Amino acid sequence: MALIEADGIHVRFGDRVVLEEINLSVNEGELHGIMGPNGAGKTTFFNTLTGSVKPSRGRIRLDGSDIAGLDPHAIARKGVARSFQIMTLFNDFTAQENVMVALPAFRARGFDVHRAVAGDTALADEANAVLASVGLGAKAAISAKLLSYGERRALEIAVALAQRPRVLCLDEPTSGLGTDGTLRLADLIGALKGKLTIVAVEHDMRFLFSLADRISVIHWGQVVARGTPRELQENPWVKRSNLGSFG
Amino acid sequence: MFDLLPHLLNGLVLGLLLALIALGFMLIVGLMEQINLAHGSLFALGAYLALALTGPKPPLPADLAALWLQVPIGWRYGIALIVAPCLAGIVGIAVEFCMRRTYGKDPLYGLLLTFGVALVLEEILRLTWGTRDHVLPIPQSMSGGFIFADLIWSTYRFYAAGMAAIAIGLVWLLIEKTPYGAMIKAGAHDSEMVRALGVNLSKLRLGVFVLGTMLAAFAGIVVAPIWGIRPHMGVDAVVPAFLIIVLGGIGSFWGAVIASLLVGLAVGVSGAYASEWSLLSMYLLLVAVISFRARGLFGKKSVLEV
Amino acid sequence: MTGTSSDARLITPTMLGTWLVLATVPLWISAVGLYPYIGVEIVIWSIYALAFNLLLGTSGLPSFGHGAFFGVGAYAFGLTQFNIAANIWVSLAGALLAGAFAGLLVGLFIAHRRGIYFALMTIAFGQIFWTISVKWHSVTGGEDGLLNIARLPVNLGVVSFDITDNDALYYFVLAVFAVVVVLLWRLVNSPYGRILSAIRQSEVRTAHLGYNVWLYKLSVIVLSAAFSGFAGGLFAMAQRSAFPDVMNLAQSGLIVMMTLVGGGLVSFWGPVIGVIVFLIARDVIGAATNAWMLYFGTMFVLLVLFRPEGIAGTAKLIAERWRSRSATPAVLSSETRSG
């Protein structure tokens, strides 16, 4: 059963058509990879899914209800979380605070002005649990800007997880990570597989092919190939464009 | 309808003067993506320097001063029109050296820095020339008035508008018809490309900043006989300048010129009905336009938005 | 501003210390050669600066037209007193509400903006309010100002204090300051304040976490304008008049400068430090030379160039260095965003 479904997404910037006609259906619990050459429209599609770009045509259904054209915060509230390729953390906050503001319990108290955050152990415990789940349990009190690159990548994902999303959208999660970091991240995401519906835009083929249930290849604003990793390796288009080669 | 003619004409003249004031501001925002709030003070500096050069007491030894004052006012005015902007340009170099540290940073740094510079410059003007109003002497042939359509018109306003139009034309030529213009335009959007072209970006920036300063000073001299010279005149200039840039759209030459004319006309025409409130019209124009077109009339996406 | 135990308290030791020191001011202020009225000014401007910093330091919204809200409050205080009721609480409420209303009006136009565009639009709105205050003679008195504003008695139901005397006025505004500090301290440390801080650090991320960034920004603009208007009301009462010049660009710039100089970007108390330093320097240097703006301007330029985190920020940095000298050399970062 499809949890999130894009239907005929068309995006145009001025007179430039960026997404021609994108259809995508991701089942509950599936990890769906999106790949394609640079400038193919992956990122635009990703941004359309999460609300920062409004489609000129088409629908995006989350569990049956149309979310296309809603503002990012409204889409986030419906259970779609995203990470950022260019890390977008709250640098002056500690790791714990980064996660804390993402918690739905915190969001529910957004306009609360009379209770202090510090000293609220329930929120802190919940945030610490999320941090522990990505291996940052010991780093809770460290300011985000002082974490190492790999730790920041993990925190990026922790923040998205803290939102308790139904759909987790990852934008180039391995970007900038070395081999070790990528392996660790693969473990982390592998552990989430099946528990969450995940859409990941990624250029690291090895990473994507080892994790994804299905992969869609976007080129020229359209889905040019789709299938399981095994099917895609046999796909003539993917073969021709060398996209399927394991670097 | 005919009653409106003088207001339209005055508006047009004001528009050209505002465009002149905004030109240097526009060049600096375009290339450096930093707001130069000291623009108004440099404008005032130009006027004061011209006053020193033409006025009754030039800052020279007594004999030389007497000799200088023998020179006809027309010549003195003409020389001031060239020399004063050059002197202001030297101050511009100093400001640019401070400003350098802000390039590529949050534009707020530049805004704050130049706000401080404006305070300092304004205070220097006040200490040097006092707080009272001064009048910049102009050649006889440019002063006075003439009668047209049963109305008395000030001759100087039209000379000023003419000088503004010439400066606008020259800047347009520089931007559109010279290789420097191409670099300035490229620099605004793509400093890497400018470097790749082998242009020394820091020299280009210095050059443009100095040019912007000189334009500000020139505008100050041209406008001074109309607005009068006082330390506070900078604020009266910098506020419309930034307003015009936002209204026209950052990085657009014609946007700035058209916005200037619109503001001039708005102030001129509203002056016909409610002279007390005519200054308000430019702010209302800005708010109205920006509410519908976030980037101004002709603006492109800019770093300043983030 | 990371979570420490004092963030959770309603009243912190720093607050108590500040209040105590301020409470002794009338005892020694004349002895050190300062004019006693400066205490009143410091306290009122501190309220204003703290309110302003709710935008600049907490939310990262650079308002360059904040004088408008301060001025609206000042006029509202006088007008409420003349036309509605000569009661201090009614007049102060009038100042607060007028500030909030002006903030709402402006906020509706600018709450979706940030950075330099936000700054430029606030300049434009500041000028609008300033022009109106100069031109609308029948209400504001134009350039002549709104005169004969009374220091109304502080009516507490059972007792009523007279505050026409400067010392009495000082203790009244100090008490008000104490209340405002407690409110604002709680606010910046509440979930709401934390979200404002998140918005400052990344609007995009905050939106994707499900927060309606526009609504938060609008609400904080209204709050900041309301407290600024409130401070303006106190100021009009202290000065016994309201003038347009508190709304002009230079005055709006001053509050930005004071806040930055003090270190409002990194510290809750930064704006207060800035106000104290600025006003005392004004009186001390101003007594010695009439070029005091020259020195202050130069100092500000150097500060923006080399120490944008201000006095409080520099003090923090030195303290951290001091501490890390004995411990393992911690990674220090002097990078501070501008706002």
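Residues numbered from 1 in each chain as written. Chains lettered and ligands numbered in written order. Predicted model: local features only at pLDDT ≥ 70, side-chain atom pairs only at ≥ 80, totals over all residues.

**Quick notes on the overall build of chain B**
Counting its regular elements, chain B contains 12 helices and 2 strands. In sequence order, chain B lays out its α and β elements as α-α-α-α-α-β-β-α-α-α-α-α-α-α. Relative to the compact-globule value of 19 Å for 306 residues, chain B shows a C-alpha radius of gyration of 19 Å, a close match. Structurally, chain B occupies a C-alpha span of about 55 × 55 × 35 Å along its principal axes. (Helix = DSSP H or I, 4+ residues; strand = E, 2+ residues; numbered from the N terminus. Rg over C-alpha atoms; globule rule 2.2 N^0.38 Å.)

**Here we look at the overall build of chain C**
When helices and strands are counted, chain C shows 14 helices and 2 strands. A compact globule built from 339 residues would reach a C-alpha radius of gyration of about 20 Å, and chain C, at 20 Å, matches this within 12%. Along the first, second and third principal axes, the C-alpha set of chain C runs to 60 × 50 × 45 Å. Sorting the 339 residues of chain C into buried and exposed places 56% on the buried side. (Buried ≥ 20, exposed ≤ 12 C-beta atoms within 10 Å, placed from the backbone.)

**Considering the interface of chain A and chain C**
The partner chain C presents 28 residues to the 31 residues of chain A that form the contact. Element by element, the count of residues in the side of chain A that touches chain C is highest for helix α2 (residues 72–77) of chain A, at 4 residues. Among the residues making up the side of chain A that touches chain C, the classes are represented as 12 nonpolar, 10 polar and 9 charged. (Contact = placed C-beta atoms within 7 Å. Nonpolar A, V, L, I, M, F, W, Y, C, P; charged D, E, K, R; others polar.)

**Describing the nonpolar core**
Soluble globular proteins tend to pack their nonpolar side chains together in the buried interior. With 290 residues, the main nonpolar core has A:Ala158 and C:Ile47 as its most contacted residues. Excluding anything up to four places from it in sequence, A:Ala158 contacts A:Val99, A:Val130, A:Leu131, A:Val134 and A:Leu136. (Core = buried A, V, L, I, M, F, W, Y, C linked by C-beta atoms within 7 Å.)

**Considering the environment of A:Met1**
Residue and element names in this part refer to chain A. Checked against the element boundaries, Met 1 lands in the segment before β1 (2–13). Each C-alpha atom, one on Met 1 and one on Asn 27, is 5.4 Å from the other, the two residues being 26 residues apart in sequence. The contact partners of Met 1, leaving out residues within four places of it in the chain, are Asn 27 and Glu 28.

**Concerning the pairing of strand β3 (residues 31–35) of chain A**
All names here are of chain A. Burial of β3 is extensive: 5 of the 5 residues sit out of reach of the surface. Of the two faces of β3, the one holding Leu 31, Gly 33 and Met 35 and the one holding His 32 and Ile 34 are both buried throughout. Two elements, β3 and strand β9 (residues 214–219), share 4 bridges in a ladder whose sense is parallel. Looking at the pairing, His 32 lines up with Arg 214 of β9. (Pairing = 2+ DSSP bridges.)

**Digging into helix α13 (residues 292–306) of chain C**
Residue and element names in this part refer to chain C. Between the first and last C-alpha of α13 there are 21 Å, a value that for 15 residues agrees with the 21 Å anticipated at 1.5 Å per step. Looking at α13, one finds that the buried residues are Met 293, Phe 296, Gly 297, Phe 300, Val 301, Leu 303 and Val 304. Mapping the buried residues of α13 onto a view down its axis gives an arc of 160°, with all of them on the same face. (Expected span 1.5 Å × (residues − 1). Arc of directions from axis to C-beta.)

**A few points about the confidence of the model for chain C**
Summarising the model, chain C shows a mean pLDDT of 89, and 94% of its residues fall at 70 or more. Mean pLDDT across the elements of chain C bottoms out in helix α14 (residues 310–326) of chain C (81) and peaks in helix α10 (residues 213–239) of chain C (97). (pLDDT = per-residue confidence, 0-100.)

**A look at the packing of helix α2 (residues 37–58) of chain C against helix α7 (residues 166–189) of chain C**
Residue and element names in this part refer to chain C. With their axes 8 Å apart at the nearest point, α2 and α7 run at an angle of 15° to one another. It follows from the interaxial angle that α2 and α7 lie roughly parallel. By crossing handedness, the relation of α2 to α7 is classed as left-handed. Residue-level contacts link Tyr 37, Gly 39, Val 40, Val 43, Ile 44, Ser 46, Ile 47, Leu 50, Leu 54 and Thr 58 of α2 to Asn 166, Leu 169, Tyr 170, Val 173, Leu 174, Phe 177, Val 180, Leu 184 and Val 188 of α7. A class-by-class count of the residues in the contact of α2 with α7 yields 15 nonpolar, 4 polar and no charged. (Axes fitted to C-alpha atoms, helices over the stretch in contact; angles between N-to-C directions. Parallel < 35°, antiparallel > 145°, perpendicular 65-115°, else oblique. Left-handed = near helix turned anticlockwise from the far one by under 90°.)

**Looking at the packing of helix α5 (residues 121–133) of chain A against helix α6 (residues 149–162) of chain A**
Residues and elements named next belong to chain A. Taken N-terminus to C-terminus, the directions of α5 and α6 make an angle of 130°; their axes are 9 Å apart at the nearest point. Of the possible angle classes, the one that applies to α5 and α6 is oblique. Between α5 and α6 the crossing geometry is right-handed. Here Ala 127, Val 130, Leu 131 and Ser 133 of α5 come into contact with α6, specifically with Ala 158, Leu 161 and Ala 162.

**So, helix α3 (residues 67–83) of chain C**
The terminal C-alpha atoms of α3(C) lie 24 Å apart, and with 17 residues this matches the ideal 24 Å at 1.5 Å per residue to within 8%. Counted residue by residue, α3(C) has 15 buried out of 17 residues, so it is predominantly covered.

**Points about the interface of chain C and chain B**
The partner chain B presents 35 residues to the 29 residues of chain C that form the contact. A total of 12 residues in the side of chain C that touches chain B trace back to one element, the largest contributor, which is helix α5 (residues 115–135) of chain C. Classifying every residue of the side of chain C that touches chain B gives 19 nonpolar, 8 polar and 2 charged.

**Observations regarding the environment of B:Leu31**
By the element assignment, B:Leu31 lies in helix α1 (residues 5–32). Spatially, the C-alpha atoms of B:Leu31 and B:Arg205 are 7.2 Å apart, while their sequence positions differ by 174 residues.

**Some points on the pairing of strand β4 (residues 57–62) of chain A**
Residue and element names in this part refer to chain A. Both β1 and β4 contribute to a ladder of 5 bridges, which runs antiparallel. Within β4, the position partnered with His 10 by the bridge is Arg 57. One ladder, built from 2 bridges, connects β4 with strand β5 (residues 65–66); its direction is antiparallel. In the strand pairing of β5, Arg 61 is matched with Asp 66. What sits between β4 and β5 in their antiparallel hairpin is a turn of 2 residues, with Asp 63 showing a positive phi close to 50°.

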